[in-house]
Amino acid sequence: MNKNLKIMLAQLNPIVGDLEKNSKIILETYKKASKNKVDILAFPEMFLSGYQIQDLVFSPAFQTDLEKYIRFIGKHCVNNTYLLLGSPVVEKKQIFNAYLLLKDGEANIISKKYHLPNNTLFDEKRYFSQSDHKELLEIKGIKIGFPICEDIWYDDISKILKKKGADLLISPNGSPYERNKLKKRHNEVFKRSRENNIPVIYLNLIGGQDDQVFDGGSFVVDNNGNLITQFPQFEQITPILEFENKEPFIKNTHDNNFNIKNDLSQDYRAISEGTKDYIIKSGFNKVIIGLSGGIDSALVATIAVDILGKNNVSCVKLPSDYTSKLSLIDADQLVYNLECKVETISISKIYSLIKQTLLPSFRGKKENETEENIQSRIRGLLLMALSNKYGSMLLTTGNKSEIAVGYSTIYGDMCGGYNPIKDLYKTRLYSICKWRNSNHEAWMKGPKGSVIPKSILEKSPTAELRPNQTDQDSLPPYEVLDSILESLIENDMPISEIVKKGYDYNIVKKIEKLVYQSEYKRFQSAPGVHLTKKSFQLSRRYPIVQNWRDKL
């Protein structure tokens, strides 16, 4: 008999609301754990229901189904392996974010979440009741406590569990990806470990859900706050750890240390995994992309091929009289490099017909952005028609810089089911493209090498909706624009502070006006992967109509 405590971690990918499929994953993993004579199989926070479930948790029918599946899973937990599982539970009309212990056909609550995050992405105080219910599980002489997610970010819960006699903490998490977030997790867990002289297992969800991507990256620290085991991000794994029952420590660490990639690699993988899961969990397996010959659509097409394979990606060129030969050449070169499908549909005749149709209504009016937007809306209409006919999701291609200032056409180039690059500023997007041209990772289904043509990276960005148009006709250079936008959006800086950085007051005020006036567009835009603290969805919530401006 093995005297060491064997723990299997289930860094796996649930589907929100799919209780049947999630239960199947749980029981298949439980069977694997039992076969390996594992003492504890631990799943992350809210695995049974998926995360985040938002107002779905209020549905009485959903609550009833949760109870049914908890009982169903419990009946199958009759081996020597203890199953630990995150799920919502309802007690006396109160809903708790709970961690369950399932063994010998029974399910008991071993921990309820105490600290309920209520900022940026999270509204847990809207859904869950607070509880300090925390029990210890003792196996082979080792006592284990379970601080759920946010509970590990504060010092009180860990101290309480230590005082109760905990020798080890397992923290089940549903922590979404955000640039540099893994370092922050490390730092907080290191503190809890050192404060309490206790080892900690940090177990995180994986997979995309709406605009969030749970990146895994589970890890273990010893009782001195040293990182001794780091598992990969964005990979589904079920590693087994062994603890000795003297002073708990990991025995088999040498095979479990994975290098964390740089932030460009992490961003690209997060975008890819979030986009892939949104497509697949929505019931699609193919995508359509409008290909302009510009850098934004080039990156989206590359991402699509990397996650779905070349046979599941269709690109469509939609040239007008203003489309340059260079743009068509660049688009063709990209498609050649990616080896995906492509077709060309000219919008020139449709555009002329619409202008003629509107001529009586527009008589006496000069051409302006109205005519430019018509072209974009023709493209949106055609792409959505192809999406409907072939059952492929349309991916839209607006970057964060454009979306921030409204440099996009509602019901035009904003059409689509998902926007992979929604939280990438233009300057960051260039860096991501250059990174992809120089790097190829094992998970990518697309080809190696410089798939995005050099010409696309070097030419001036343009919407090509009028003769000789460039983005800088309407906007400052992207290096300037992005710096001002990051100051306004990411850092909430006053206008006076931004001007002190050396930017022209009038330009800053113009950008501020564009940001606030474009809220109605963002409200109707497709979701996209959350990468920064202030992504345009749950992280930054402004009224659609509001007239306050910073008057300096």
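Figured I'd write up the structure that's included with this text. It should be emphasised that the depicted structure is a prediction, and the values quoted were computed from it without experimental measurement.

Before going further, it helps to spend a moment on unusual backbone geometry. Geometrically, the link from Tyr51 to Gln52 is a cis peptide bond, its omega value of -5 degrees lying close to zero. Position of Gln52 among the secondary structure elements: in the loop between strand E2 (40-42) and helix H2 (60-75). A positive phi is found at Asp210, a non-glycine position, where the angle reads about 55 degrees. Within the fold, Asp210 resides in the loop between strand E10 (206-209) and strand E11 (212-215).

Another point: the packing of aromatic side chains. Scanning the entire structure with this criterion turns up 14 aromatic pairs. Pairing Tyr51 with Phe122 gives two aromatic rings, centres 6.3 Å apart and planes at 25 degrees, and the pair type is stacked. Of the two residues, Tyr51 is situated in the loop between E2 and H2 and Phe122 in the loop between strand E5 (106-112) and helix H3 (124-127); the sequence distance between them amounts to 71 residues. Grouping residues by exposure puts Tyr51 and Phe122 together as buried. For the pair Tyr177 and Phe234, a centre-to-centre distance of 5.8 Å together with 55 degrees between the ring planes defines the contact as tilted.

Look at helix H4 (residues 155-163) against helix H5 (residues 181-196): their axes get within 10 Å of each other, and the N-to-C directions meet at 35 degrees. Every pair of crossing elements has a handedness; the one defined by H4 and H5 is right-handed. Side by side, H4 and H5 meet where Asp155, Ser158, Lys159 and Lys162 of the first sit next to Arg192, Glu195 and Asn196 of the second. Within the contact of H4 with H5, the residues separate by chemical class into no nonpolar, two polar and five charged.

With mixed pairing, the six strands of this open sheet are ordered in space as E6-E7-E8-E9-E12-E13. On the outer flanks of this sheet lie strand E6 (137-139) and strand E13 (227-230), each paired with one strand and no other. With direction set aside, neighbouring strand axes in the sheet form an average angle of 20 degrees. Inspection of the sheet shows strand E12 (residues 219-221) paired to E13 by three bridges, in the antiparallel sense. Looking at the pairing, Val220 lines up with Thr229 of E13. Taken strand by strand, H5 contacts strand E9 (200-204), E12 and E13, and its axis lies near 30 degrees from that of E12.

For the pair helix H9 (residues 348-362) and helix H10 (residues 369-390), interaxial distance at closest approach is 11 Å and the crossing angle is 135 degrees. In terms of orientation, H9 lies oblique with respect to H10. Where H9 crosses over H10, the handedness of that crossing is right-handed. Contact residues: H9 offers Ile350, Tyr351, Ile354, Lys355, Leu358 and Phe362, while H10 offers Thr370, Glu371, Ile374, Gln375, Ile378 and Leu382. In terms of residue class, the contact of H9 with H10 is made up of eight nonpolar, two polar and two charged.

This next bit is on the pairing of strand E3 (residues 82-91). For E3, the tally of buried residues reaches seven of 10 residues, placing the bulk of the element in the interior. When E2 meets E3, the two strands line up parallel, connected through three bridges. Among the inter-strand pairings, Ala42 is bridged to a residue of E3, identified as Leu84. One ladder, built from nine bridges, connects E3 with strand E4 (residues 94-103); its direction is antiparallel. Paired with Val90 across the strands is Ile95, a residue of E4. Connecting E3 to the antiparallel partner E4 that follows it, the hairpin turn spans two residues, and Lys92 within it adopts a positive phi of roughly 50 degrees.

Turning to the sheet that holds strand E18 (residues 393-395), a few remarks are in order. Pairing is parallel in the open sheet, where four strands are placed in the order E17-E16-E15-E18. Edge positions in the sheet fall to strand E17 (341-344) and E18, since each has one partner strand and no second. Neighbour-to-neighbour, the strand axes of the sheet open up by a mean angle of 25 degrees, direction not taken into account. Relative to E17, strand E16 (residues 313-317) is paired through four bridges, and the arrangement is parallel. Bridging across to E17, Lys317 finds its partner in Thr344. Taken strand by strand, H10 contacts strand E15 (287-290), E16, E17 and E18, and its axis lies near 170 degrees from that of E15.

Within strand E1 (residues 5-9), five of the five residues are buried, which leaves the element mostly enclosed by the surrounding structure. Alternating positions in E1 separate into two faces, Leu5, Ile7 and Leu9 on one and Lys6 and Met8 on the other, with burial throughout. With four bridges connecting them, E1 and strand E14 (residues 240-243) associate as antiparallel partners. The partner of Met8 across the bridge, within E14, is Ile240. Pairing of E1 with E2, which is carried by three bridges, proceeds in the parallel orientation. From the neighbouring strand, Met8 faces E2, where its bridge partner is Leu41. Each parallel crossover has a hand, and the one from E1 via helix H1 (residues 19-35) to E2 is right-handed.

What follows covers a nonpolar patch on the surface. Together, Tyr520, Phe523, Ile544 and Val545 give the surface a local cluster of nonpolar side chains, amounting to about 440 Å² of exposed area. Along the polypeptide, Phe523 turns up in helix H17 (residues 519-523).

Attention shifts here to the pattern of salt bridges. Under the definition given, this model contains 36 salt bridges. Salt-bridge contacts for Arg192 lead to Glu188; the nearest nitrogen and oxygen are separated by 3.2 Å. Here the residue Arg192 and the residue Glu188 both occupy positions in helix H5, the gap between them amounting to four residues, near one helical turn. What makes Glu188 buried here is its relative accessible area of 16%. One salt bridge in this structure joins Asp492 and Lys534, with 2.7 Å as the shortest N-O distance. Taken together, the residues Asp492 in the loop between helix H14 (478-490) and helix H15 (495-500) and Lys534 in the segment after H17 connect sequence positions 42 residues apart. Through salt bridges that share partners, Arg179, Asp263, Asp267 and Arg428 make up one connected network.

About the thresholds
- Residues numbered from 1 in each chain as written.
- Predicted model: local features only at pLDDT ≥ 70, side-chain atom pairs only at ≥ 80, totals over all residues.
- Heavy atoms only, no water.
- Helix = DSSP H or I, 4+ residues; strand = E, 2+ residues; numbered from the N terminus.
- Phe/Tyr/Trp six-rings, centres within 6.5 Å; stacked < 30°, edge-to-face > 60°.
- Buried < 20%, exposed > 50% of the residue type's maximum accessible area, 1.4 Å probe, protein only.
- Axes fitted to C-alpha atoms, helices over the stretch in contact; angles between N-to-C directions.
- Left-handed = near helix turned anticlockwise from the far one by under 90°.
- Contact = heavy atoms within 4.5 Å.
- Nonpolar A, V, L, I, M, F, W, Y, C, P; charged D, E, K, R; others polar.
- Pairing = 2+ DSSP bridges.
- Parallel < 35°, antiparallel > 145°, perpendicular 65-115°, else oblique.
- Right-handed = clockwise from strand over helix to strand, strands pointing away.
- Patch = residues over 30% accessible without salt bridge, like charges linked within 9 Å, V, L, I, M, F, W, Y side chains within 5 Å.
- Areas by Shrake-Rupley, 256 points an atom, 1.4 Å probe, with all protein chains shown as cover.
- Salt bridge = Lys/Arg side-chain N within 4 Å of Asp/Glu carboxyl O.

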